[in-house]
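Observations on the model geometry
Spelled out, the chains give:
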Amino acid sequence: MLVVMHKRATAEDIAQVVRAIEARGYSARPIQGGERMAIGVLHNRGPVDPNWILSLAGVKEAIPVTRPYKLVSREFHAQDTVVPVGDVRIGNGSLVLIAGPCAVESEEQALTIARQVKRAGAHLFRGGAFKPRTSPYAFQGLGEKALKILDRVRQETGLPIVTEALDHTVYDLVEEVADVVQIGARNMQNFTLLRRAGQSSKPVLLKRGMAATLEEWLMAAEYILEGGNPHVILCERGIRTFTAHSRNTLDLSAVPVVRKESHLPILVDPSHACGRRDQVIPLSRAAVAVGANGLMVEVHHRPDEALSDGAQSLYPEQFQRLCEEIAPLAQLFARVP
Ligand code: PEP
Ligand code: MN
């Protein structure tokens with residue numbers, strides 16, 4: 001059960017509601033519910049009659065939520081959440097395209113790719129500054145230098161920036177520059193990082209862990225909403241299976257299920273899902289058809305020389321073709337729930 005307080009409710013009203021609920025033998029605690037502030041959660045034992053809760057001073061609504069994820073659930077918030085990023089709206093029915101290299105490698109590289117993807121129709125630019133790499137010997141990203149380059153890219157192109165916060169210690173630095181802070185697949189259950197993201201005013205792109213169930217993923221998003229940040233964008237990026245023909249397996253069925261279960265927007269990252277350039281366009285078409293709110297695609301102007309993920313990076317011309325192909329599909333499937 002989620003108890004929504006009136007906007008004008010005071011801290012004392014909230015404390016009183018918590019005490020009244022506890023007096024009945026339940027536990028309750030105030031949480032931040034995004035736009036709907038000052039909510040008490042009941043960790044109930046069995047169904048609770050909402051009527052007596054509604055009679056308490058300051059209470060606006062008492063909403064039974066049967067799912068373990070509460071604020072993320074459609075039971076609590078029926079309408080789609082639309083995440084504003086500059087002039088872009090993620091989750092409003094239009095298809096959002098995020099494109100750019102896996103990692104920022106130089107100013108020349110980032111600016112060249114940004115100009116190309118913008119011309120093709122990208123709405124946001126992506127590029128890693130702090131990279132999660134399997135090998136400690138692999139390129140780890142340019143760090144703060146890359147953040148400065150990303151700032152420059154935004155100034156030059158006007159494209160909002162998506163970049164990853166590898167841990168909570170770099171969050172301050174990253175959120176200063178990023179318009180959307182990415183939490184990577186390997187960090188989906190980094191609870192310190194999720195809590196930090198909950199305190200941020202910047203939207204968060206939360207990737208699905210490579211072996212995470214939908215419930216674990218939505219519970220990770222719950223940490224961020226519970227911390228007070230309502231702007232979470234989910235991103236399906238493939239899960240690990242036994243296949244050898246692609247790096248991961250794109251779990252397309254996650255898209256309609258998440259859209260049914262949650263009001264949060266969901267994007268698909270076909271690049272990390274397949275790991276191979278030749279599969280990116282077909283998977284993108286499929287993602288749009290199942291109702292994804294957008295795509296995040298890796299693009300590099302010289303993929304053979306890329307310092308990470310070159311094999312899955314589209315050439316700019318291919319990205320342009322993808323944009324052209326996807327536009328009529330996006331219109332066709334705009335109302336897919
Ligand atoms: C990335 O987006 O570059 C990345 C590392 O993705 P993931 O966390 O999905 O592997
Ligand atoms: Mn990558």
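Look above for the structure.
Residues take numbers from 1 onward in each chain, read along the sequence in its written order. For naming, the first written chain is A and the first written ligand is 1, with later ones following in the order written. With the structure being a predicted model, the display of local features is reserved for residues of pLDDT at least 70 and the display and counting of side-chain atom pairs for 80 or more, all residues being used for whole-chain, interface and lining totals. Think of the side-chain values as coming from all heavy atoms in the structure, minus any hydrogens and water.

**A short note on the overall build of the protein chain**
The helix and strand tally for the protein chain stands at 11 helices and 14 strands. Here the C-alpha atoms of the protein chain give a radius of gyration of 21 Å, agreeing with the 20 Å that 2.2 N^0.38 yields for 337 residues. Referenced to the eigenvectors of the C-alpha coordinate spread, the extents of the protein chain come out at roughly 65 × 40 × 40 Å. Under the scheme applied here, a residue whose accessible area is under 20% of the maximum for its type counts as buried, over 50% as exposed, and between as partly exposed, the area being computed with a 1.4 Å probe on protein chains only. Counting all 337 residues of the protein chain, 55% fall into the buried class. We call two residues in contact whenever any of their non-hydrogen atoms come within 4.5 Å of each other. Look at the contacts in the protein chain between residues 6 or more apart in sequence, and 68% of them connect residues 24 or more apart. Accessible surface, the protein chain: about 14,500 Å² in total, of which carbon and sulfur atoms supply 52%. Think of it this way: Lys and Arg go in the positive column, Asp and Glu in the negative one, and His and the chain ends go nowhere. Just so you know, the charge point we use is NZ for Lys, CZ for Arg, CG for Asp and CD for Glu. In the protein chain, which carries 39 positive and 37 negative side-chain charges, the distance between the mean positions of the two groups comes to 2 Å. Each helix is a run of DSSP H or I of at least 4 residues and each strand a run of E of at least 2, with the numbering of both proceeding from the N terminus. Radius of gyration means the value over C-alpha atoms here, while the globule rule gives 2.2 Å times the residue count to the 0.38 power. Calculation of accessible area relied on Shrake-Rupley with a 1.4 Å probe; when residues are assessed, cover is drawn exclusively from the protein chains displayed.

**Observations concerning unusual backbone geometry**
A positive phi is found at Asp309, a non-glycine position, where the angle reads about 55°. Within the secondary structure layout, Asp309 lies in the loop between β14 (294–298) and α11 (316–332).

**With respect to the environment of Val170**
Mapped onto the secondary structure, Val170 falls in the loop between β9 (161–164) and α5 (171–177). On the basis of relative accessibility, which here comes to 12%, the residue Val170 falls in the buried class. Spatially, the C-alpha atom of Val170 lies 43 Å from that of Pro47, the residues being 123 residues apart in sequence. Apart from residues lying up to four places away in sequence, Val170 is in contact with Phe130 and Ala165.

**Section: the packing of helix α10 (residues 277–289) against α11**
Axis angle and axis distance: for two packed helices, these are the angle between their axes and the distance between the axes, and together they describe the pair. It is at 10 Å that the axes of α10 and α11 come closest, and there the two elements cross at 15°. With respect to their mutual orientation, α10 and α11 come out roughly parallel. Seen from above, α10 lies across α11 with right-handed handedness. Judged by residue contacts, Arg277, Ile281, Ser284, Arg285 and Val288 of α10 engage Gln318, Arg321, Leu322, Glu325, Ile326, Leu329 and Ala330 from α11. When its residues are assigned to classes, the contact of α10 with α11 shows 6 nonpolar, 2 polar and 4 charged. Every axis corresponds to a line fitted to the C-alpha atoms, with the helix fit spanning only the stretch in contact, and the corresponding angles, defined between N-to-C directions, vary from 0 to 180 degrees. Working rule for angles: under 35 degrees goes down as roughly parallel, over 145 as roughly antiparallel, 65 to 115 as roughly perpendicular, anything else as oblique. For a crossing to be left-handed, the near helix must be turned anticlockwise from the far one by less than a right angle; the clockwise case is right-handed. Under the scheme applied, nonpolar residues are Ala, Val, Leu, Ile, Met, Phe, Trp, Tyr, Cys and Pro; charged residues are Asp, Glu, Lys and Arg; polar residues are all the others, including Gly.

**Focus: the nonpolar core**
Nonpolar cores were defined as sets of buried Ala, Val, Leu, Ile, Met, Phe, Trp, Tyr and Cys residues, with membership established by side-chain atoms within 4.5 Å. With 77 residues, the main nonpolar core has Val117, Phe125, Leu206, Trp217, Leu234 and Phe319 as its most contacted residues. No other element matches the 7 residues that helix α7 (residues 214–226) contributes to this core. Within the second largest apolar cluster, 15 residues are counted, among which are Met1, Val17, Val48 and Ala62.

**Side note on the packing of aromatic side chains**
Stacked, tilted and edge-to-face pairs are distinguished by plane angle, under 30 degrees for stacked and over 60 for edge-to-face with tilted covering the rest, among Phe, Tyr and Trp rings (Trp via its six-membered ring) whose centres lie within 6.5 Å. On inspection of all chains with the given rule, the structure shows 1 aromatic pair. Sitting over the ring of Trp52, Arg24 keeps its end group 4.1 Å from the ring centre. Each ring is checked for a lysine NZ or an arginine CZ that lies within 6 Å of its centre and within 35 degrees of its normal; such an atom marks a charge sitting over the ring.

**Some words on the packing of α7 against helix α8 (residues 254–261)**
Put simply, α7 and α8 touch, their axes get as near as 11 Å, and they point 50° apart. When the axis of α7 is compared with that of α8, the two are oblique. Helix-helix and strand crossings are classified by hand; for α7 and α8 the assignment is right-handed. Taking contact as the criterion, the partners of Leu214, Trp217 and Leu218 in α7 are, on α8, Ala254, Val257, Val258 and Glu261. Considered class by class, the residues forming the contact of α7 with α8 number 6 nonpolar, no polar and 1 charged.

**Brief notes about the sheet that holds strand β10 (residues 180–183)**
One bridge is not enough; two strands pair if DSSP finds at least two bridges between them. Strand order in the closed barrel formed by 8 strands is β7-β8-β9-β10-β11-β12-β13-β14, with parallel pairing between adjacent strands. Here the strands of the sheet are splayed against their neighbours by 25° on average, with no regard to which way each runs. Relative to β14, strand β13 (residues 266–268) runs parallel, the two sharing 2 bridges. Bridged to Leu267 within β14 is Gly294. The strands that helix α3 (residues 107–120) touches are β7 (96–100) and β8 (124–126); relative to β8, the one it contacts most, it runs at about 145°. This element, α8, spans β12 (232–236) and β13 of the sheet and lies at about 170° to β13.

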